[in-house]
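What the coordinates show
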2 protein chains.
Amino acid sequence: MADTVSITFVDPEGDSKERSTTIDRGKTLLEAGHTAGVEIEATCGERGRCRTCRVKIISGEVPPPTIQDTVQLGHEEVRENFRLACQTKVIADTKVMALPPKAEVGHQILSSDKSLADDDRMILDCGVDKYVVKATTPTEEHHQTSDWEEMLSVLPDNVSRDVSLEVLRKVPGAIRAQSGNMTVTTFNDRIIDVEAGDMSEHKYGMAFDIGTTSIVGTLINLETGETLADVGGVNPQAVYGGDLMSRIAYAQFDEKKLATLRGRALNALNDFIRDASQQAEIDAAHIYKIVIVGNTCMHHIILGVDVTYVGLAPYAPVIRDTLSLPARDLPLKRAVNAQVCFLPIVAGFVGADTMACVLATRIYDSEETRTLVDIGTNGEVVMGSKDRLMVCSAPAGPALEGAQIRHGMRGALGAIEKIAIDDDIACTVIGDTPAIGICGSGLIDACAKLATVEVLEKSGRLRRKNREDLPELLRNRLVDTPHGCEFILVDEDKSGKEEPIALTQADIRQVQLAKSAIYSGIVMLQQVMDVPDEVLEEVMMCGGFGNYINTESAVKIRLIPNLPLEKITYSGNAALMGAQMALLSETERNRAFELSQQMEHVALAARPEFQDIFVEAMSFLGPETSVGWSTDLAPQEAVSGGD
Amino acid sequence: MADTVSITFVDPEGDSKERSTTIDRGKTLLEAGHTAGVEIEATCGERGRCRTCRVKIISGEVPPPTIQDTVQLGHEEVRENFRLACQTKVIADTKVMALPPKAEVGHQILSSDKSLADDDRMILDCGVDKYVVKATTPTEEHHQTSDWEEMLSVLPDNVSRDVSLEVLRKVPGAIRAQSGNMTVTTFNDRIIDVEAGDMSEHKYGMAFDIGTTSIVGTLINLETGETLADVGGVNPQAVYGGDLMSRIAYAQFDEKKLATLRGRALNALNDFIRDASQQAEIDAAHIYKIVIVGNTCMHHIILGVDVTYVGLAPYAPVIRDTLSLPARDLPLKRAVNAQVCFLPIVAGFVGADTMACVLATRIYDSEETRTLVDIGTNGEVVMGSKDRLMVCSAPAGPALEGAQIRHGMRGALGAIEKIAIDDDIACTVIGDTPAIGICGSGLIDACAKLATVEVLEKSGRLRRKNREDLPELLRNRLVDTPHGCEFILVDEDKSGKEEPIALTQADIRQVQLAKSAIYSGIVMLQQVMDVPDEVLEEVMMCGGFGNYINTESAVKIRLIPNLPLEKITYSGNAALMGAQMALLSETERNRAFELSQQMEHVALAARPEFQDIFVEAMSFLGPETSVGWSTDLAPQEAVSGGD
C-alpha cells in the first residue's frame, strides 16, 4: 500500500481540462499542481501570506484549515472548502478546482470598515504594535524632562504612560544607542519593550494547547499570520497520572506537588519556545504575545493555583475570567517580553481549550444547530447555534490520545493511523515507516474495521467463538495470552519495535470507555436541547489526531451518532487553531470571554439518566447496521472505503 | 547644664492662672501638663488618634509637627502652632496655652463635604480599603461559576475584576477556611490581598525617606494616622561614596555595581520593615502601602534604573513620573502585599524628597512668597507661592548630615547638638550622655558660636594670630597638630570615646562648602524670581537634624540669609512628613504629581553668576554683624540665646 494519493485538478470553466497526478501524502496541493502541470501562482513564496494560490476542494476528504487559510481566506471561504494550495497538505485522493487569484482587498481588515469586514477574513488585530520613532534625549536647554517623557512625546497619544520596571530599565540605553532611533512595542497600548534601532520586522507570538496528555504549540508572525514553527510533545506531567482526576489527586492539598506539576509544564513551555525560536531563527525576546489554552486543571496548574477544589464536587474552578499577565510572572523565562493570555473557562471541566474550539469552529455564528466534539483526555461537547450554546464534558480518559494503550502513541512518525481489512489487515503508518505504535485515529479505525469483519463483537469482546469462520490470516492474528486475548496489527518482522504491534482486549476496553463517554455527552445534550439527529446539521470532530480521522469508523464504533457522513467533519486540532486565532486577533480573544459567559454548562454527573445512556453507548455497531443513513455518501465513501 | 526645660501653661481665659514646671527634654507636653497640675484630656490614650489634648504654643521654639498633628489638627492649625500635647516632645523652654477640647466633627473628612473640608484637616484617603464579606463557594445548583466570581459578587462594583497571580492563589483557601467569612483588601479598587476571617483592623503602611546618608522610616496605622514605630539608620550604600556624585560614579556604566547599591538599599528597607513590624507587634503582611521618597539617584538605584546619565550633563532622570508597583517587583520581600509608591521627581537633582517637602510645607498654597530649604547631602531650595514655584539644587555634600566630618554623626544618642560659649564651651548632648560625636545642628552651632567669639575667622580659618586675646580656657582648646589646627569640643575625660571630640580645620571647610552651596541656591532663586529679603515671608528649614536647629546660628554661618529670626522656622524632616502625608492620602500623592509638572527648575550649573555667589557666600558673619535685622527678636532670643 503505497503512501501516495491521486489529485485531480479541475478548471473552473468546465471539466474538459482535468489533469491528474499521483503524489506522496504530506506534500502540498501547490506541489501537486506543479507536478500535474497546472499553473497555480504563489506570490508570497509559499508562506501563506497571500491569496494567489487559492483553490477549492471539490471532493475527497477536506483537510482541516490552517491558521493561514483562516487569516487569508476568512471563515466563510474556509467553510466552503476553499484553501491555500501552498499550506494544504494532501491526505487523500482529492478533486481540486484551481482558481484565478481573487482581487486583493488590502491585507488588514479593520472592523470599522463594513465593506471589508463583510469579506469575512479574520481581523488581524493581535494587540501588539511596534512603533519606530526618533526620540531626542534631554538637553541643557530642556533639562526639566526625562528619557521616558522624551520617548513618550514621539509616540501616539493612545500609548499609556504606565510603565513596568523591566521596560523602564531599558530606556536610557535604548534611547542613546542609535541617536534616539528606537522601536517601542506595545500590547493593548501599554509599552512592553523598547529597543534601539528599527526592529519593527520582528513581531512574533506563540499559541499553545496544553492537553493533559500532550502539548502542542505554534510560532506565528503576528504581522502576517504566517506559521514559522510547529512544536509539540508529551506533557511531562504525565508521569504523575494519565488522566485529569489522577493529576488532580496528585496535587490535591499539597502545594509542593502542585509546584512540581507546574514546574514541569513551565519547563516544557520554555523548551518549546526555545525550540520554535531556533527552528524559525528568531530571537525569543521578539515573542510578544503567547496565548495558552488548556483544560481547567492544566490552566490552574500553570498559574500555580490550587486544583484541590477542581477535583471535588461541584468541581468549581478558582477563576474563569480571561487572564493576561507578563511572562515573567508565570514565569516563562524564555519569552521575557511576552504577555501571556489565557482564554476563559466555562466550568470546572469545560476549560479554555473548549473555548478555543468554539472560536475556531464559529459554532456560535451558525444558523443551524451544530455540535462540536473535542476529543482529548476529556471529551467536551458543545451543541447549539447562534441562538444558544450548551456544553458538557465527558470523562473520556486518554485512550484516544494513544495513552494507557499498550502500543499507543501520539499521531507522529511511525504511528498506525489508518487500517484496511479484507482477508488480512493493512496498516497505513505516518511517514510510511515501520510501525512503532498506534494513534487515536488508528485505534478508531482498527476497532471499527475489526467490528465490521466480526473479529470484534458488538460488546467489544475479541471473538472467542467460531473463529474458524474468519479468514485464516485474520484468525491467525487473534492470539490468546495469559493476560487475555489480543489482535496482532503488525507482525514482529514488519514492526519498528522488537515485538509485534498488537491491540489488546484491555486496549479495546479503554477505547470503549472513551468513546461511550463522548457519545453519551452528545446524546445527553441532544436530549436537554431537544435536538433529534435529523436536526443536527453538522458534527465537527476536533482533536489532536493529526491530519486524518475516518468519520465512518467513528460512527461505526459509536463515538458519534449515526448521521449522514457528509454531516460529519473533522476540524483538526481546533483548540490550537482557536488559540492561534486569539493570538492573531484581540477581537477573537475578547469574543471568547463573552461566549464563556453566555454558554450554558450541563453537568453530566448531576444527571441521573447519564449512567444509563453511558452503559447503552458502550457497544459498537455490528456489521448488520449500515453507517451513514443519508443516501449521499459518495465523496466520503470514495475515500475512506477505498484501498 | 541639666537637660531639662521649663514649660509654662497659660489658661485661655487669661494669664492669671499660669502654672510652670521643669521637665526633662524629650518628654511630652502632656506629661509636662500632668507635672504642672494642668488637666489636659487625652481620650485616645496618648496615641494621637483624637484632638482632645490640643494645645497652642505661645512662645519658645515651636516643635515640628508630627503626622498626627497634621492628621488631627489640619494644616492651618499646625501652621498657627497648635499641637497635640500627647505627641509633642518638649525641646526648649516654652509657653503653652491649654485649650478645651474642640468639638469633634467626625474622624474622617471627605473632600466632597465642603463644610468639613473647610476644617482643613488632612483627608485620610490612603487608597487602601479592607472589605469584610461573607462569600459562598460554588454549589451543585450553581456550578457554572468560580471562587473568584463568588467573591467578587459580594464586593462593591467599584472593585476591579483584574487579578494578580499572588492574590488568585490565595482565594480558594481563604474563601473556604472560615465558611466564606473573609477580608478583601484593595488599593485604588484593585484587590491586593484576601484573608480568611475579619482582618479589617490590620491596615498599615510605611513611609521612607531614603537619603544619600541616612534612611528613616515610619510605620503608620492607615486607618487612624497613628505612628506605630520609627526606624532609621545609615544608608548602607555609604561605603561606596559619601555624596551623590561619588555614588553615581561608582555605579556608572556598570550594571553589577548598580545591583550592589540596589541590593544594599533593599536589604536595609527589608530590615527596617521587619524592625518596625516587631516594634509595633504587627504582621508585615498587613503593610499594604509604602511611600518612598528620596533624591533622583536613590530613586533610580532602588528601582534598578541606570544612573549613568543622572551623573552626566544635563543630568536628566530616566523617569520623573509618580510610580506605583507591587513590592514583589522591587523586590521588598518583607512586605509581600504592599504596593510601593514613589513620589515624582522634578529634575535630575530635584528628587522625590523635595516633592515631599513641598507637600509637607504646603508652600504651593501660600499667599506670600516663602522658601523652603531641605538640607541633606544635596540642598534643595524651593521658592515661591501659590502663583509660582521655582526650585534649585545646591551640591552641599554630606557635612551637615555629620558625614565626612572627623567626629560627625547623625542626630542620635551621644551627638552634640547644641553649643554655648562663654569663657569656655558647654555642649548639649542628645540623651545627656557623654558625647561620642557631633551632628549637623551641633556643627552649625559650633561654627556660629566660635565665629562669635572669634576663635573662627570670618574666612573660616581657625584663629592663628593673637590667640593670647582669647579666654584661657578657649585658647587651650585650640590645638595645632601635624594635620592642621583643631578645636577640642569635649575633653578626653568627658568624652564617650577614647579620645577628645574635636572640630578640625578640614571639618570646618566641609561645613563651609555645604552652607555656602545652600546659601547661594537661595540667593540665586531670589535673583531669578526678583525676591528681595524684605519680600520673603518665611524661610522654612527642613532636614534630618532631629528636633532642634538654632536658627540664629544658621544665619550667623550664612547658611540662610540674615532675616528677622521669627521668619525662620524649622520644619523637621519635612521629606519624611511629606511621605507620610502621601501614605495617608491619595489626594496628597496625586497633588505631588501635579506640582512636579508645574514647578520650574533652575539649573545652577548652567548659571555663570552662580560661581561668584558661591565664593562670596563662603565667609561667616563676623561678630560685628548683628543677626536678625528685625526688631522683634524676643521669643527666639529668649530660647536660643539662653543658657
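Bear in mind the structure is a predicted one, so any value in this text is a computation, not a measurement.

**Considerations on the overall build of chain A**
- For chain A, the count of helices and strands is 17 helices and 26 strands.
- A globule of 643 residues ought to have a C-alpha radius of gyration of about 26 Å, and chain A, at 26 Å, matches this closely.
- Principal-axis analysis of the C-alpha atoms places the extent of chain A at approximately 100 × 70 × 50 Å.
- Counting every position in chain A, which comprises 643 residues, the buried fraction comes to 54%.
- Restricting the contact set of chain A to residue pairs at least 6 apart, pairs at least 24 apart contribute 67%.

**Some thoughts on the packing of helix H12 (residues 505-529) of chain B against helix H16 (residues 609-616) of chain B**
All names here are of chain B.
- Contact geometry for H12 and H16: axes closest at 8 Å, N-to-C directions at 130°. Between H12 and H16, the angle falls in the class oblique. Crossing of H12 over H16 shows right-handed handedness. Residues Ser516, Ala517, Ser520, Val523 and Met524 of H12 pack against Phe610, Ile613 and Phe614 of H16.

**Here's the deal with unusual backbone geometry**
- In this model, A:Ala313 is joined to A:Pro314 through a cis peptide bond whose omega is 5°.
- Position of A:Pro314 relative to the elements: it lies in the loop between helix H8 (296-303) and strand E13 (323-326).
- A cis amide bond, omega 0°, links B:Leu330 with the succeeding residue B:Pro331.
- Within the element layout of this structure, B:Pro331 appears in the loop between strand E13 (323-326) and strand E14 (339-342).
- Here the phi dihedral of B:Asn81 falls at roughly 70°; this positive angle occurs in a residue that is not glycine.

**Description of the interface of chain B and chain A**
- Each partner contributes residues to the interface: chain B has 40 residues there, and chain A has 40 residues.
- When residues in the side of chain B that touches chain A are grouped by element, the largest group, 6 residues, is from helix H5 (residues 165-177) of chain B.
- Of the residues belonging to the side of chain B that touches chain A, the class tally is 21 nonpolar, 10 polar and 9 charged.

**Looking at the nonpolar core**
- Counting 371 residues, the largest nonpolar core has A:Cys447 and B:Cys447 as its most contacted members.
- In contact with A:Cys447, not counting residues within four places along its chain, are A:Leu456, A:Ile508, A:Val511, A:Ile557 and A:Phe620.

**Remarks on the sheet that holds strand E8 (residues 190-196) of chain B**
Residue and element names in this part refer to chain B.
- A sheet is described by the order of its strands in space; here 3 strands give the open sequence E6-E7-E8, paired in antiparallel fashion. The sheet terminates laterally at strand E6 (128-134) and E8, the two strands that pair on one side only. When the angles between neighbouring strand axes are averaged without regard to direction, this sheet yields 25°.
- Pairing analysis gives 7 bridges linking E6 to strand E7 (residues 181-187), with the strands arranged antiparallel. Residue Lys134 lies in a different strand from E7, and its bridge partner there is Asn181.

**Observations concerning the environment of B:Ile220**
Residue and element names in this part refer to chain B.
- Structurally, the position occupied by Ile220 is in strand E10 (residues 214-221).
- Taking the C-alpha atoms as reference points, Ile220 and Leu583, separated by 363 residues in sequence, lie 8.6 Å from one another.
- Not counting residues up to four positions away in its chain, the partners in contact with Ile220 are Ile67, Tyr204, Gly205, Ala207, Gly225, Glu226, Thr227, Leu228, Gln580, Leu583 and Leu584.

**Observations concerning the environment of A:Ala617**
- Along the chain, A:Ala617 falls in the loop between helix H16 (609-616) and helix H17 (634-640).
- For A:Ala617 and A:Thr137, which are 480 residues apart along the polypeptide, the C-alpha to C-alpha distance reads 72 Å.

**A look at the relation of the copies chain B and chain A**
- Relative to chain A, chain B is turned by 180° and slid 0.0 Å along the rotation axis, the superposed coordinates differing by an RMSD of 0.1 Å. Taken together, the rotation and translation relating the two chain copies correspond to the operation of a two-fold axis. Closest approach to the rotation axis within chain B is made by the C-alpha atom of B:Asp329, at a distance of 4.8 Å.
- Both copies share a contact surface, since 100% of the interface residues of chain B are interface residues in chain A too.

**Structural notes on the domain arrangement of chain A**
Residues and elements named next belong to chain A.
- For chain A, the domain assignment lists domain 1 (4-98), domain 2 (128-196), domain 3 (205-342), domain 4 (362-399 + 517-637) and domain 5 (401-511).
- Between the C-alpha centres of domain 3 and domain 4 the distance comes to 25 Å.
- The interface is formed by 23 residues belonging to domain 3 together with 19 residues belonging to domain 4.
- Within the residue set of the side of domain 3 that touches domain 4, elements represented by two or more residues are strand E9 (204-210), strand E10 (214-221) and strand E12 (287-294).
- Along the lines of polarity and charge, the residues of the side of domain 3 that touches domain 4 split into 9 nonpolar, 10 polar and 4 charged.

**Here's the deal with the confidence of the model for chain A**
Residues and elements named next belong to chain A.
- With 93% of its residues at a pLDDT of at least 70, chain A reaches an overall mean of 89.
- Low pLDDT, under 50, characterises residues 104-118; the stretch is placed with 14 contacts to residues that sit more than four places away or in other chains.
- Both confidence scores are given for the complex: pTM 0.87, ipTM 0.86.

**Thoughts on the sheet that holds strand E6 (residues 128-134) of chain A**
All names here are of chain A.
- Strand order across the open sheet formed by 3 strands is E6-E7-E8, with antiparallel pairing between neighbours. Here the strands that pair on one side only, and so sit at the sheet edges, are E6 and strand E8 (190-196). Taken pair by pair, the neighbouring strands of this sheet meet at an average axis angle of 25°, ignoring direction.
- In the sheet, strand E7 (residues 181-187) pairs with E8 via 6 bridges, with the strands oriented antiparallel. Within E8, the position partnered with Thr186 by the bridge is Ile191.
- Each of E7 and E8 touches helix H5 (residues 165-177); the most contacted strand, E8, lies at about 35° to it.

**Focus on helix H8 (residues 296-303) of chain B**
Residues and elements named next belong to chain B.
- The buried fraction of H8 amounts to 8 of the 8 residues, a majority that puts the element mostly inside the structure.
- Those residues of H8 that sit buried are Thr296, Cys297, Met298, His299, His300, Ile301, Ile302 and Leu303.
- At the C-terminal side of H8, Gly304 shows a positive phi close to 75°.

**Re the pairing of E7(B)**
- Where burial is concerned, most of E7(B) is hidden: 6 out of the 7 residues are buried.
- Count of turn residues in the E7(B)/E8(B) antiparallel hairpin: 2 residues, of which B:Asn188 carries a positive phi of about 50°.

**Overview of the environment of A:Val293**
Residues and elements named next belong to chain A.
- By secondary structure assignment, the location of Val293 is in strand E12.
- Given 32 C-beta atoms within 10 Å, Val293 falls into the buried group.
- Spatially, the C-alpha atom of Val293 lies 6.9 Å from that of Ala356, the residues being 63 residues apart in sequence.
- Not counting chain neighbours up to four residues away, the residues in contact with Val293 comprise Asp209, Leu343, Ala352, Asp353, Ala356, Ala575, Gly578 and Ala579.

Reading the values: the criteria
Residues numbered from 1 in each chain as written. Chains lettered and ligands numbered in written order. Predicted model: local features only at pLDDT ≥ 70, side-chain atom pairs only at ≥ 80, totals over all residues. Helix = DSSP H or I, 4+ residues; strand = E, 2+ residues; numbered from the N terminus. Rg over C-alpha atoms; globule rule 2.2 N^0.38 Å. Buried ≥ 20, exposed ≤ 12 C-beta atoms within 10 Å, placed from the backbone. Contact = placed C-beta atoms within 7 Å. Axes fitted to C-alpha atoms, helices over the stretch in contact; angles between N-to-C directions. Parallel < 35°, antiparallel > 145°, perpendicular 65-115°, else oblique. Left-handed = near helix turned anticlockwise from the far one by under 90°. Nonpolar A, V, L, I, M, F, W, Y, C, P; charged D, E, K, R; others polar. Core = buried A, V, L, I, M, F, W, Y, C linked by C-beta atoms within 7 Å. Pairing = 2+ DSSP bridges. Least-squares fit on C-alpha atoms with pLDDT ≥ 70 in both. Domains from an automatic or database assignment. pLDDT = per-residue confidence, 0-100.

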